[in-house]
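Below are the chains, spelled out letter by letter.
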Amino acid sequence: MKGLLKFSIKRPLQTGFILALSLLAFQLPAQEKELPPAGGTPKSFKLTDTHNFTLDNGLNVTLIQYGSTPKVTLRLITDTGNVDDGAKDAVSDLSYHLLTEGTSTRSAKEIAEAAANMGGQVQSSVGINAGFLQLDVLSDYVGDAANLLADLAINSKFTDEDRSRTVNNFVRDLTVQKSTPGNQATSAFYGSVFAGHPYAKIFADEKVVQSLTLQDLQSFVQKNLVAKRSHLFIAGKFDQQKAEAAVKAAFASMPAGETRQISSPTKANTAELIFIPRPNAPQSTLQFGLAVVDASHEDFVGLRVMNTLLGGSFASRITSNIRENKGYTYSPNSAVNSRVKAATWQQQADVTAEATGPALAEIIKEIKRLQTEAPSEQELTGFKNYISGIYVLQNSARGSIINELWFLKSHGLPLSRLENYVQLVNAMTPAQISALAAKYLTLDKMTLVVVGDESVKAQLSAVPELKAVYKL
């Protein structure tokens, strides 16, 4: 979606698991009389063998025997998304939504019933870099599911009635999204960091969306939902020979199409302060960060470890500081957000209006402290154990392992990264973490977005680092 509620291939996990692991990964406070037993050696993730083949039209297929539950996930992922919208904002979003609304052989009702009769449901979604069609069904129906998925991808049939309804729903949701301070801050942040690149545009223009025609949507699918830009993953417990035969028959007629390359965005090398007025707001919404190296770079794993310690987990330094110690905010968070050939480090927080300047001062203090003082071995080990535990847990589901495999492919990484990721994480040293913070978190190149009441501006110039960087 050319908004924020869009599809991206990520690694979802229940919040409760994350919180529990975050707390268990660290020692009890010093005042406690008893300490928990030392954690064991982090275990690596092991993937069962995959079976790969390619159809004559260029469609790549990966079959993964995974788990013991008699269920199977079929996901057709295509290298297309908002980056291909061009001047036709959200054409990818609307097109992917309509893929499940009917084909030349089935109505939307018949599609839903066919999936339900196989014990599952059909899904479609699209994001910045990738779109997908998916079916989760009982294992015995893997062949029938392949046929249905192929029908959706190859024989889509859009109607103007469906287009009109989808446009109206999209524009209504878009209006709501644009009204929230968090989304406003994110839109401004990416507009600054990736200026001049398709990644810079987060929100669609309502008038452009309303002008999209049926031909626009059909043309998008014909050009972009093609075999050479797609990869079909089938994961679960299933008859492999049956699945392979069904896929070869069902997808043989999928148009080959052409591949395409995404250009790397030019990184912003100067700091920028963006203030978005929100009169009488009791809170200020902050986004603070910059572009960093993408997932294919050798420093990327270390950046993630560094981020988890600094602000990317419940027990991180910034969270402990401005949430637990100062009470400025309830749920601050930092993240290394990855896109194809690009990534950002971002710290976000909704802070009380009167704490706008002080909160930013503390965030900067924690960044500078990590840049100049390496963390203790004990502190870093706690975070490495946390990351390792999360990684193994999150790959325990069929959809998650597909996410990981597509992540590797889209960033040009070897399959071995999946199994050696835990070792790479645990090989990081305190000195390396500090060096990465110094190398990448350059304060005089950061974009700062503040959404809040005009009165908080005075607080920004009271922070020496902000005053110096942004010439306040």
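The shown structure was predicted, so the numbers you read here are calculated from the model rather than taken from an experiment.

Asks: Could you clarify how one ought to interpret the sheet that holds strand β3 (residues 71-78) in this entry?
Replies: An order of β1-β2-β6-β3-β5-β4 is seen for the 6 strands of this open sheet, with the pairing classed as mixed. One side of each edge strand has no neighbouring strand; the edge strands of this open sheet are β1 (50-54) and β4 (121-126). Along the sheet, successive strands turn relative to each other by an average axial angle of 15°, direction set aside. With 6 bridges joining them, strand β2 (residues 60-65) and strand β6 (residues 230-236) adopt parallel strand pairing. Pairing of valine 61 across the sheet is with leucine 232, part of β6. Helix-sheet contacts for helix α2 (residues 91-98) involve β3, β4 and β5 (131-138), and the interaxial angle to β4 is about 170°.

Asks: I tried to follow the nonpolar core on my own but got confused; where do I start?
Replies: Inside soluble globular proteins, nonpolar side chains tend to come together where they are buried. Formed by 70 residues in total, the largest nonpolar core has its most connected members in Phe288, Trp345, Ile367 and Met446. Element by element, the count of residues in this core is highest for helix α10 (residues 300-310), at 7 residues. Excluding its chain neighbours within four sequence positions, the residues that come into contact with phenylalanine 288 are Phe189, Trp345, Gln346, Gln347, Ile363, Ile364, Ile367, Leu443, Met446, Thr447, Leu448 and Tyr470. Counting 54 residues, the second largest nonpolar core, distinct from the first, contains Leu59, Tyr96, Leu135 and Ile234.

Asks: Hey, could you run me through the packing of α2 against helix α8 (residues 214-224) in this one?
Replies: Helices that pack against each other are described as a pair by the angle of their axes relative to one another and the distance between those axes. Close contact between α2 and α8 brings their axes to 9 Å; oriented N to C, the two are set at 85°. By the angle class used here, α2 and α8 are roughly perpendicular. Seen from α2, the contacting residues are Val91, Ser92, Leu94, Ser95, Tyr96 and Leu98; seen from α8, they are Asp216, Leu217, Phe220 and Val221. Partitioning the contact of α2 with α8 into residue classes produces 7 nonpolar, 2 polar and 1 charged.

Asks: Can you walk me through the packing of aromatic side chains in this structure?
Replies: In this description, a pair of aromatic rings is defined by centroid distance and the angle of the planes. Applying the stated criterion across every chain, the model contains 4 aromatic pairs. Look at tyrosine 190 and phenylalanine 194: their rings are 5.9 Å apart centre to centre, the planes differ by 25°, and that puts the pair in the stacked class. Seen from their ring centres, phenylalanine 194 and tyrosine 199 are 5.8 Å apart, and the 65° between their planes marks the pair as edge-to-face. The class for tyrosine 199 is buried, based on a relative accessible area of 0%. Its guanidinium or amino end placed over the ring of phenylalanine 132, arginine 75 lies 5.3 Å from that ring's centre, counting from NZ or CZ.

Asks: Just to check I follow, could you spell out the environment of lysine 365 for this structure?
Replies: Here lysine 365 is to be found in helix α12 (residues 356-372). For lysine 365, a relative accessible area of 41% gives the class partly exposed. The spatial distance from the C-alpha of lysine 365 to the C-alpha of glutamate 465 is 9.6 Å, given a sequence separation of 100 residues.

Asks: Help me understand the pattern of salt bridges, please; the structure alone is not making it clear to me.
Replies: It is possible for side chains bearing opposite charge to pair when their charged atoms get close. As enumerated under the stated definition, the model contains 20 salt bridges in all. The residue aspartate 136 makes a salt bridge to arginine 398 at a minimum N-O spacing of 3.9 Å. Of this pair, aspartate 136 sits in strand β5 while arginine 398 sits in helix α14 (residues 398-410), and the two are 262 residues apart along the sequence. Judged by its relative accessible area of 21%, arginine 398 is partly exposed. In the salt-bridge network here, residues are joined through shared partners; they are Asp79, Asp84, Arg229 and Arg260.

Asks: How do you make sense of empty space enclosed by the protein when you look at a structure like this?
Replies: Unoccupied space between atoms shows up once a probe the size of one water molecule is rolled over them. Enumeration over the complete set of coordinates arrives at 2 cavities of 30 Å³ or more. Approximately 40 Å³ is the volume found for the second largest cavity. Taken together, Phe288, Ile364, Leu443, Glu465, Leu466, Val469 and Tyr470 form the lining of the second largest cavity. Per-element tally for the lining of the second largest cavity: the top contributor is helix α18 (residues 464-470), with 4 residues. Residue composition of the lining of the second largest cavity, grouped by class: 6 nonpolar, no polar and 1 charged.

Asks: Honestly, the side chain of serine 92 in this entry has me stumped. Any pointers?
Replies: Looking at the element boundaries, serine 92 is found in helix α2. Among the residues examined, serine 92 registers a relative accessible area of 0% and is labelled buried. Setting aside anything within four residues of it in sequence, one finds serine 92 in contact with Gly81, Asn82, Asp85, Val126 and Phe220.

Asks: Explain unusual backbone geometry to me, please; I cannot follow it from the model alone.
Replies: Excluding glycine, a negative phi dihedral is what most residues carry, and trans is how most peptide bonds are arranged. The phi angle at lysine 341 is positive, at roughly 65°, despite the residue not being glycine. Among the secondary structure elements, lysine 341 is positioned in the loop between β9 (333-339) and β10 (342-352). One non-glycine residue, lysine 471, lies in positive phi territory at about 55°.

Asks: What's the story with the packing of helix α4 (residues 142-154) against helix α9 (residues 240-250) in this structure? I'm lost.
Replies: At their nearest, the axes of α4 and α9 sit 9 Å apart, and the two run at 25° to each other. With respect to each other, α4 and α9 are oriented roughly parallel. Crossing hand, α4 versus α9: right-handed. Touching Val142, Gly143, Ala146, Asn147, Ala150 and Ile154 of α4 are Lys242, Ala243, Ala246, Val247 and Ala250, all from α9. Here the contact of α4 with α9 is composed, by residue class, of 8 nonpolar, 2 polar and 1 charged.

Asks: Looking at this model, I keep getting lost on the side chain of glutamine 347. Mind explaining?
Replies: As for its position among the elements, glutamine 347 is in strand β10. A distance of 3.3 Å separates a polar side-chain atom of glutamine 347 from the backbone oxygen of asparagine 333.

Calculation rules
Residues numbered from 1 in each chain as written. Predicted model: local features only at pLDDT ≥ 70, side-chain atom pairs only at ≥ 80, totals over all residues. Heavy atoms only, no water. Pairing = 2+ DSSP bridges. Helix = DSSP H or I, 4+ residues; strand = E, 2+ residues; numbered from the N terminus. Axes fitted to C-alpha atoms, helices over the stretch in contact; angles between N-to-C directions. Contact = heavy atoms within 4.5 Å. Core = buried A, V, L, I, M, F, W, Y, C linked by side-chain atoms within 4.5 Å. Buried < 20%, exposed > 50% of the residue type's maximum accessible area, 1.4 Å probe, protein only. Parallel < 35°, antiparallel > 145°, perpendicular 65-115°, else oblique. Nonpolar A, V, L, I, M, F, W, Y, C, P; charged D, E, K, R; others polar. Phe/Tyr/Trp six-rings, centres within 6.5 Å; stacked < 30°, edge-to-face > 60°. Lys NZ or Arg CZ within 6 Å of the ring centre and 35° of its normal. Salt bridge = Lys/Arg side-chain N within 4 Å of Asp/Glu carboxyl O. 1 Å grid on protein atoms, 1.4 Å probe; cavity = no way out; pocket = protein on both sides within 12 Å on 5 of 7 lines; lining within 4 Å. Points joined across faces, edges and corners; volume = space filled by probe spheres on them. Left-handed = near helix turned anticlockwise from the far one by under 90°. Polar contact = N/O pair within 3.5 Å; in protein donor to acceptor, adjacent residues only side chain to side chain.

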